[in-house]
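Descriptive structure summary
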Number of protein chains: 2
Amino acid sequence: MVEQADTLRRTPLSRDRILRAAVALANEAGIESLSMRNLAQDLGVVPMALYKHVANKDELLDGMIDVVVGEIDPLVPGADWKHMVRRRILSARQVLRRHPWAPLAIESRNMATPAILAYLDSMVGAFRAGGFSADLAHHVMHAMGSRILGFSQELFDAARRAGRSGTTVPDSPAALPPGVAARFPHLAEIATAASHDDESVVGQGCDDQFEFEFALDLLLDGIERLHQQGWTSSRRPR
Amino acid sequence: MVEQADTLRRTPLSRDRILRAAVALANEAGIESLSMRNLAQDLGVVPMALYKHVANKDELLDGMIDVVVGEIDPLVPGADWKHMVRRRILSARQVLRRHPWAPLAIESRNMATPAILAYLDSMVGAFRAGGFSADLAHHVMHAMGSRILGFSQELFDAARRAGRSGTTVPDSPAALPPGVAARFPHLAEIATAASHDDESVVGQGCDDQFEFEFALDLLLDGIERLHQQGWTSSRRPR
DNA sequence: ACCTGAACACCGTTCAAGT
DNA sequence: ACCTGAACACCGTTCAAGT
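Scope of this entry: the structure provided in the associated data block. (Residues numbered from 1 in each chain as written. Chains lettered and ligands numbered in written order. Predicted model: local features only at pLDDT ≥ 70, side-chain atom pairs only at ≥ 80, totals over all residues. Heavy atoms only, no water.)

With that out of the way, let us pick up the relation of the copies chain A and chain B. When chain A is fitted onto chain B, the two copies agree to an RMSD of 0.0 Å after a turn of 180° and an axial shift of 0.0 Å. Classification of the inter-copy transformation places it as that of a two-fold axis. In this assembly, 100% of the residues forming the interface of chain A have copies in chain B that are likewise at the interface, indicating an isologous arrangement. (Least-squares fit on C-alpha atoms with pLDDT ≥ 70 in both. Contact = heavy atoms within 4.5 Å.)

This is the structure we're talking about:
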């Protein structure tokens, strides 16, 4: 019956089960708590057992990234490249909100995982199908940078660094301590300047979603303009 | 004379000397080689001696970031906000090219170090002096994100992740291995599509500086347009 | 042949013993 | 009072000994 208890507790280990447990651990305890030893313990397994399924911790992280990227909605075909791209990027953003450790993990590792390559490839395909030259599509992908994966490096985003999910504290410049505000008057001024609908809502921090869409649309509108103008990088001085 | 040799080898330790040595170590050996123990050894000092001048490793990293940000040219006053901002961002980019570990270090820590706050404050000041409302300046700062500090999270940038300086290998999509190119045709297509001046230069990778300026100008042009139109975030549905 | 405990080579940091 | 060696509580990963 010890036998039976064992089989109950540990369903056979697999790469998939390891990756899902790792993602769950990172979501709940923060990425800094993700060690091979902690992960093994969560799985009721000896640390060395993990190495049967993942070569090392870096490969584990790559696998976790692919789990996350796999959660992004597929591109829904449509006539309008702009809405297709916009919609999918906002979907990616929702996914990353559930996995706050992922942006930093993606940035700190090479991005050439299968799921990321497939994602990027389909996004390029959307631009090409929308009539973009390969040349313009190339530069546009660079200009979008990681924003095409639904995240941006906000200047004041503590939640992301902590790698925890949970309450979205408005820790934008609005939270400037008094002494800091006095020394940096321009920051203090704009901290409470997101007027939005209700002018009286000052010092509330800012609306992450609004800021993201503002920046995204700034880029997409500019890209649309270049596309309509038939922009090309040729003839520029080298 | 042992006494003398000692004083020669170790000029008195100071926070400044520690930070400079740490930056040099990260530049030369990569950020992953920066440990308190390695740093102490470089300084000819016992590891615990560092803790007299920096509280812990996180504070050391903050100090290193401020050393780097301090190298960015000051804003040169001028009538045109766009050129002022553009110029300083490109200066910041040059600085960060000398410290390839810095972008990831900045992203992985909170950005509220004195030098970064001063930098951001002066950039906001430039927008305000250019006639921007505090409201627009707020959203513009968010939209610029870390690009205002001269870096962007490029999708294929191995050098940055390695944290080493050195030869800038063109490891853009151009370097797609054959098997990968076959599975991701759109990526393969745009990889060699940066026509630039000479149409025959295919598969050369891409010009980092061009891509950065392309994205920067896309943003600045869009921002200029909003500013000229008197854009405001009021009246949007909440 | 497979699995796994102990061990190795590191970390950042605490703390008590030495001067 | 100051400095610092040893120690603590961790890492990722190797390797050899056990089944």
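Our next topic: the protein's contact with DNA strand C. All names here are of chain B. Inspection of the region around DNA strand C gives 13 residues, with Met36, Arg37, Met48, Tyr51 and Lys57 positioned closest. By atom count, sugar and phosphate contribute 45% of the portion of DNA strand C lying within 4 Å of the protein. Within the side chain of Ser35, one N or O atom sits 3.3 Å away from a phosphate oxygen of DNA strand C. Interatomic distance of 3.0 Å between a backbone N/O atom of Lys57 and a phosphate oxygen of DNA strand C. For the surface near DNA strand C, the leading source of residues is helix 3 (residues 36-42), giving three residues. Considered class by class, the residues forming the surface near DNA strand C number six nonpolar, three polar and four charged. (Near = heavy atom within 4 Å. Polar contact = N/O pair within 3.5 Å; in protein donor to acceptor, adjacent residues only side chain to side chain. Helix = DSSP H or I, 4+ residues; strand = E, 2+ residues; numbered from the N terminus. Nonpolar A, V, L, I, M, F, W, Y, C, P; charged D, E, K, R; others polar.)

Glancing now at the interface of chain A and chain B. Interface size, as often reported, equals the accessible area lost upon joining of the parts. On the chain B side, the residues contacting the 69 residues of chain A number 69 residues. When chain A packs against chain B, close to 6,500 Å² is buried across both sides, 63% of that on carbon and sulfur atoms. Where chain A touches chain B, the interface holds two salt bridges. For Arg128 of chain B, the salt bridge goes to Glu189 of chain A, with nearest N and O atoms at 2.5 Å. Taken together, the links from chain A to chain B amount to 14 residue pairs in polar contact (both at pLDDT 80 or more). (Buried area = accessible area lost by both parts, 1.4 Å probe. Salt bridge = Lys/Arg side-chain N within 4 Å of Asp/Glu carboxyl O.)

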